[in-house]
Protein chains: 2
Amino acid sequence: MKQKRKILIIGAGRSASCLIKYLLEKSKVENLHIIIGDKLIESAKNMANNHQNATPITLDIFDEETRRDAIKNADIVISMLPARFHMEVAKDCITYGKSMVTASYVSKEMKDLDKAVKEKGLVFMNEIGLDPGIDHMSAMQVIDRIRDKGGKLLLFESFTGGLVAPESDDNLWNYKFTWNPRNVVIAGQGGAAKFIQEGKYKYIPYHKLFRRTEKFYIDGYGKFEAIANRDSLGYMNEYKLHDILTLYRGTIRRVGFSKAWNIFIQLGMTDDTYIMENSENMSYRDFINSFLPYHPLDSVELKLRSYLKIDQDDILCEKLDELDIFNPNKKMGIKNATPAQLLQRILMDKWTLQADDKDMIVMLHKFGYELKGEKKQIESSTVVIGEDQIYTAMAKTVGLPVAIASLKILNGEITKPGVQIPIAKEVYEPILKELTETGIKFTEKRVIYEGYNPELLKG
Amino acid sequence: MKQKRKILIIGAGRSASCLIKYLLEKSKVENLHIIIGDKLIESAKNMANNHQNATPITLDIFDEETRRDAIKNADIVISMLPARFHMEVAKDCITYGKSMVTASYVSKEMKDLDKAVKEKGLVFMNEIGLDPGIDHMSAMQVIDRIRDKGGKLLLFESFTGGLVAPESDDNLWNYKFTWNPRNVVIAGQGGAAKFIQEGKYKYIPYHKLFRRTEKFYIDGYGKFEAIANRDSLGYMNEYKLHDILTLYRGTIRRVGFSKAWNIFIQLGMTDDTYIMENSENMSYRDFINSFLPYHPLDSVELKLRSYLKIDQDDILCEKLDELDIFNPNKKMGIKNATPAQLLQRILMDKWTLQADDKDMIVMLHKFGYELKGEKKQIESSTVVIGEDQIYTAMAKTVGLPVAIASLKILNGEITKPGVQIPIAKEVYEPILKELTETGIKFTEKRVIYEGYNPELLKG
């Protein structure tokens, strides 16, 4: 019998459901006790669900004494807080010699702890959720395999998206909010998207981003489109892809979403940098009219179509109508709001998951490579459908890798110390193996090598 | 005979030429001595031009001792430095009890000095160049006159631009750089433009800004267009226009410039927030291709026209060709450059003023008001043509108000203490009067009141 181990989970939000469920299910055989800390004791209690191996506690991350006590008392710490709050936890983990796991990107400050973490022999595993997380592991598994055979990578494209499951997909946008709506509304802002196609660096500004989508199929699920992420070039260093010809990462939507979303960008509705005059009493119609030229007579609808050159019978018009965005009677009711906040308000009327709706996670990687003078291509994909509104595909794909990694660190199966992300074989192999057992499984197929010349091959 | 007064001018850049010329011309009758301080003694010497009443000195604003000595020794201080350097000067001026004049916007830090400035009985006059400067004075003169008669302002639109003079206008863009090219390239960035038209707040994002121009005529000079400034709403407070129906400020270009400039914005070429890969060895053609989709065969020209839906015979194509922007042989030659810096490089080949080119300043105000139940409108405009490359229209319109204000403060004609801008009658009246004598003169005409309903009246 293993001795009792205590796992402290800080943050009992929606994304922690599958993480906690997994650890509680393992708690007997692994002899675990799960301490669930949240600022709101009710959230922690909900997640603990009176399980004998769980203890909910009130934990305000800025209450130093409680925080330190909780960390000192644990054998390993999982932070499910927003990324900006990790540092308080991380510093205490070093002080008290505890390993730590997060699903967030490694910040500069976190990286700077590497030396101290190594000196104490601790494992600080980050970027071990879905994206970043499962993407790193599933991509590096194929990349290492290609390299081990002596192949040279020519192309790496990687796409991830959180969508509504086909059985719950009942609007013209083929989209509902399955995660933080705010991040969806402001997605793509903050700088040009950068990537490489056939050795050429390409840059797309935000206001063109949603018109430059890449399309692809996934067997059994149909066609999707992807919007370029900002950060594709960073993966050159992380995956050591320095001479690669094509490097592209994107966010997945259903075909047609992005062209319609571009209307909001063109109008200026996704701007989150200024507050609109009198936002509280503004109607939905006033809101859209604020971004259109003044005219004493012309309708808002006609002004919009003329301004953005949209045909009367374009499906774009139906998509806007479906959102009730021209309604002169619905009031915003939010004081001092930015355009992005008001747009989110409108979208939440229609895009909020209903009680029996399910979500869906889609991930696809394309690997092009040369092996013994021959050019080859592999596509690897996974689709995960949520169980319900608690055990969503998102919570599953974010939470399970975190849970599995934490347990493996605790059990000494993952031991290499330092601030890290899961791109080493000894980390991703055992985790992917266990993920497969939980149903998160990648399907690979060989296709002909296209490079980034899709049109040439078609025409 | 007045006693000798010393005027310290800090910053002997291009914008100081007319300022210094004016003060030197007055130096005998007014008994002035002009101390011209610059980091580069050569610039100061050039401006002093061996005049008996001028002393050029080396003045590095961050050399505290020299700066303080120079300020202590002066009777009034003019700072022609970039706005961010004013504060060092301003604090010393308070310490040594000297009034100060700048052509820059009042910063938060400058405003905070108001109490200290008043306690010492000093005048800190800011925003007394062209725009801001002459715009404040010429607008407030008409606004006050309308109010004095009992009129109520309904509309205020104000436009200013630095252009090339008609006699030097020889490119398809009808534009050359008459001021800092960098500011032209990044103009309009940093947030949505906000204004009011017929009581409706309107917001234009950057990527639509250059497609929403307002047009107007100036007798003898033809048609112009204006791009909305970011900051129109700030003038509500400054000019006390709280109930106004239409409030709009814009930057003037010749008709057709903005639609062509929008190509650069759409492509992402005006972005100044990231560095492009291998910018030094990039050709002009590579640069434009970086913003276009990859294709193994299609030409850059065709990709551009297709991407932005430009007809083959559109004048936009001629405007681009004129810039030689598709040239595969011209290299950028700038390391680690942003798109905006590279675009500026291309434009400077063609848009730099030639030795005998002249510049032109255009300013137009529209005032709509109601007086005794009747709606009326006044248009007030000025056009100033430069003399040559030293005494440009820009240097004249920026420098003369600064010079005149400084002398009037020195002579006790402007006395109200505090950190201020020239919107008080006792300030703008004498300055505008003297500007008229130097040839900077506004022409007024009455037109029918349109409000912001231009199309209604035309159709």
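Since the model is a prediction, treat every value here as computed from it, not as a measurement.

Novice: Help me understand the overall build of chain A, please; the structure alone is not making it clear to me.
Specialist: Scanning chain A for helices and strands turns up 18 helices and 16 strands. In terms of C-alpha radius of gyration, chain A reaches 24 Å, essentially the compact-globule figure of 23 Å for 459 residues. Along the first, second and third principal axes, the C-alpha set of chain A runs to 80 × 60 × 40 Å. Counting every position in chain A, which comprises 459 residues, the buried fraction comes to 57%. A separation of at least 24 residues holds for 71% of the contacts in chain A among residues at least 6 apart in sequence. Summed over its atoms, the accessible surface of chain A is roughly 19500 Å², and 48% of this surface lies on carbon and sulfur atoms.

Novice: Just to check I follow, could you spell out the pattern of salt bridges for this structure?
Specialist: Between side chains of opposite charge, pairing is possible as soon as their charged atoms come close. Per the stated rule, a full pass over the model turns up 52 salt bridges over all chains. Linking glutamate 444 of chain A and arginine 145 of chain A is a salt bridge whose minimum nitrogen-to-oxygen distance equals 2.7 Å. Taken together, the positions of glutamate 444 of chain A in strand S16 (residues 443-447) and arginine 145 of chain A in helix H7 (residues 134-148) put the pair 299 residues apart, joining distant regions of the chain. Among the residues examined, glutamate 444 of chain A registers a relative accessible area of 36% and is labelled partly exposed. Taking relative accessible area as the criterion, arginine 145 of chain A reaches 32% and is therefore assigned partly exposed. Taking the shortest distance from any N to any O, the salt bridge between aspartate 148 of chain B and lysine 425 of chain B comes out at 2.7 Å. On the criterion of sequence distance, the pair formed by aspartate 148 of chain B in helix H7 (residues 134-148) and lysine 425 of chain B in helix H17 (residues 425-437) is long-range, its members being 277 residues apart. By relative accessible area, aspartate 148 of chain B is classed as exposed at 57%. Salt bridges sharing partners connect three or more residues here, namely Glu64, Arg67, Arg68, Glu88 and Asp92 of chain A.

Novice: I would appreciate a short explanation of the domain arrangement of chain A in the present structure.
Specialist: Accessible area lost when the parts come together is the quantity often used to give the size of an interface. All names here are of chain A. Assigned domains of chain A: these are domain 1 (5-130 + 393-437), domain 2 (134-260 + 355-388 + 442-456) and domain 3 (275-337). Here the C-alpha centroids of domain 1 and domain 2 sit 28 Å apart. Listed per partner, the contact involves 22 residues of domain 1 and 26 residues of domain 2. Counting each side, the surface lost to burial between domain 1 and domain 2 is near 2000 Å², with a carbon and sulfur contribution of 64%. Of all residues in domain 1, Leu130, Ala393 and Met394 give up the largest surface area on contact with domain 2, accounting jointly for 30% of the area buried on that side. In this structure, the connection of domain 1 to domain 2 is made through 2 salt bridges. On the surface where domain 1 and domain 2 come into contact, there are 10 residue pairs in polar contact (both at pLDDT 80 or more).

Novice: Help me understand the relation of the copies chain A and chain B in this model?
Specialist: In summary, the two copies of the chain are related to each other by a rotation about an axis coupled with a shift along it. Once chain A has been moved 0.0 Å along the axis and rotated by 180 degrees, it coincides with chain B to within an RMSD of 0.0 Å. Expressed as an axis order, the relation between the two copies is that of a two-fold axis. In terms of proximity to the rotation axis, the leading residue of chain A is histidine 207 of chain A, whose C-alpha is 3.4 Å off the axis.

Novice: Hey, could you run me through the sheet that holds strand S1 (residues 5-10) of chain B in this one?
Specialist: Two strands in a sheet stick together by hydrogen bonds in their backbones, pointing the same way (parallel) or opposite ways (antiparallel). Residue and element names in this part refer to chain B. With respect to topology, 7 strands assemble into an open sheet ordered S3-S2-S1-S4-S5-S6-S15, the strand pairing being parallel. If you trace the sheet from one side to the other, it starts and ends with strand S3 (54-58) and strand S15 (418-420), each paired once. Strand-to-strand twist in this sheet, taken as the mean axis angle between neighbours without regard to direction, amounts to 15 degrees. Sheet analysis places strand S4 (residues 76-79) next to strand S5 (residues 99-102), joined by 4 bridges and oriented parallel. In the strand pairing of S5, isoleucine 78 is matched with valine 101. The strands that helix H4 (residues 86-96) touches are S1, S4, S5 and strand S6 (123-125); relative to S5, the one it contacts most, it runs at about 160 degrees.

Novice: Is there a simple way to explain a negative patch on the surface in this structure?
Specialist: All names here are of chain A. A contiguous patch of negative charge on the surface is contributed by Asp60, Asp63, Glu65 and Asp69. Relative to the helices and strands, aspartate 69 is located in helix H3 (residues 64-72). Here aspartate 69 falls in the partly exposed class, since its relative accessible area comes to 43%.

Novice: I'm lost on the interface of chain A and chain B in this one. Help?
Specialist: Residue-level contacts link 36 residues of chain A with 36 residues of chain B. Roughly 3300 Å² is buried in total at the junction of chain A and chain B, and carbon and sulfur atoms are behind 56% of that figure. Contact with chain B buries area across many residues of chain A, yet Tyr203, His207 and Tyr294 of chain A alone supply 22% of it, more than any other trio. At the surface where chain A touches chain B, the tally comes to 0 salt bridges.

Novice: Just to check I follow, could you spell out the environment of glycine 250 of chain A for this structure?
Specialist: All names here are of chain A. As for its position among the elements, glycine 250 is in strand S12 (residues 246-254). Along the sequence, glycine 250 and leucine 130 sit 120 residues apart, while their C-alpha atoms lie 14 Å from each other. In this view, glycine 250 contacts Ser158, Phe159, Thr160, Ala226, Ile227, Ala228 and Asn229; residues no more than four positions away in its chain are not counted.

Novice: Any chance you could explain the packing of helix H11 (residues 257-267) of chain A against helix H15 (residues 339-351) of chain A here in plain terms?
Specialist: Each pair of packed helices can be described by the angle between their axes along with the distance between the axes. All names here are of chain A. At a minimum axis distance of 12 Å, the contact between H11 and H15 shows a crossing angle of 145 degrees. For H11 against H15, the interelement crossing comes out right-handed. For the pair formed by H11 and H15, the contact residues are Phe257, Trp261 and Phe264 on the first element and Leu343, Leu347 and Trp351 on the second. Tallied by class, the residues present in the contact of H11 with H15 amount to 6 nonpolar, no polar and no charged.

Novice: Would you mind going over unusual backbone geometry with me for this structure?
Specialist: What is expected of a backbone is that most residues other than glycine have negative phi and most peptide bonds are trans. In this model, aspartate 131 of chain A is joined to proline 132 of chain A through a cis peptide bond whose omega is 15 degrees. Locating proline 132 of chain A in the fold gives a position in the loop between strand S6 (123-125) and H7. For asparagine 50 of chain A, which is not glycine, the phi dihedral falls at a positive 60 degrees. Here asparagine 50 of chain A is to be found in the loop between helix H2 (41-48) and strand S3 (54-58). Residue classification places asparagine 50 of chain A among the exposed residues on the basis of a relative accessible area of 81%. Even without being a glycine, asparagine 336 of chain B presents a positive backbone phi close to 45 degrees. Mapped onto the elements, asparagine 336 of chain B comes out in the loop between helix H14 (315-322) and helix H15 (339-351).

Novice: It is not clear to me how a positive patch on the surface should be interpreted in this structure. Could you clarify?
Specialist: There is a patch of like positive charges on the surface, built from Arg211, Lys259 and Lys309 of chain A together with Arg211, Lys259 and Lys309 of chain B. Along the polypeptide, lysine 259 of chain B turns up in helix H11 (residues 257-267).

Novice: Mind showing me how you'd approach the pairing of strand S2 (residues 32-38) of chain B here?
Specialist: Strand residues, when the strand is regular, have side chains that alternate between the two faces of the sheet. Residue and element names in this part refer to chain B. Counting buried residues in S2 gives 7 out of 7 residues, a clear majority hidden from the surface. What you see with S2 is no split at all: Leu32, Ile34, Ile36 and Asp38 on one side and His33, Ile35 and Gly37 on the other are buried throughout. In terms of handedness, the path from S1 via helix H1 (residues 17-30) over to S2 forms a crossover that is right-handed. The pairing of S2 with S3 spans 5 bridges and is classified as parallel. Note that in S3 the partner of isoleucine 34 across the bridge is alanine 54. Of the crossover connections in this fold, the one passing from S2 over helix H2 (residues 41-48) to the parallel S3 is right-handed.

Parameters at a glance
Residues numbered from 1 in each chain as written. Chains lettered and ligands numbered in written order. Predicted model: local features only at pLDDT ≥ 70, side-chain atom pairs only at ≥ 80, totals over all residues. Heavy atoms only, no water. Helix = DSSP H or I, 4+ residues; strand = E, 2+ residues; numbered from the N terminus. Rg over C-alpha atoms; globule rule 2.2 N^0.38 Å. Buried < 20%, exposed > 50% of the residue type's maximum accessible area, 1.4 Å probe, protein only. Contact = heavy atoms within 4.5 Å. Areas by Shrake-Rupley, 256 points an atom, 1.4 Å probe, with all protein chains shown as cover. Salt bridge = Lys/Arg side-chain N within 4 Å of Asp/Glu carboxyl O. Domains from an automatic or database assignment. Buried area = accessible area lost by both parts, 1.4 Å probe. Polar contact = N/O pair within 3.5 Å; in protein donor to acceptor, adjacent residues only side chain to side chain. Least-squares fit on C-alpha atoms with pLDDT ≥ 70 in both. Pairing = 2+ DSSP bridges. Axes fitted to C-alpha atoms, helices over the stretch in contact; angles between N-to-C directions. Patch = residues over 30% accessible without salt bridge, like charges linked within 9 Å, V, L, I, M, F, W, Y side chains within 5 Å. Lys, Arg positive; Asp, Glu negative; His and termini not counted. Charge placed at Lys NZ, Arg CZ, Asp CG, Glu CD. Left-handed = near helix turned anticlockwise from the far one by under 90°. Nonpolar A, V, L, I, M, F, W, Y, C, P; charged D, E, K, R; others polar. Right-handed = clockwise from strand over helix to strand, strands pointing away.

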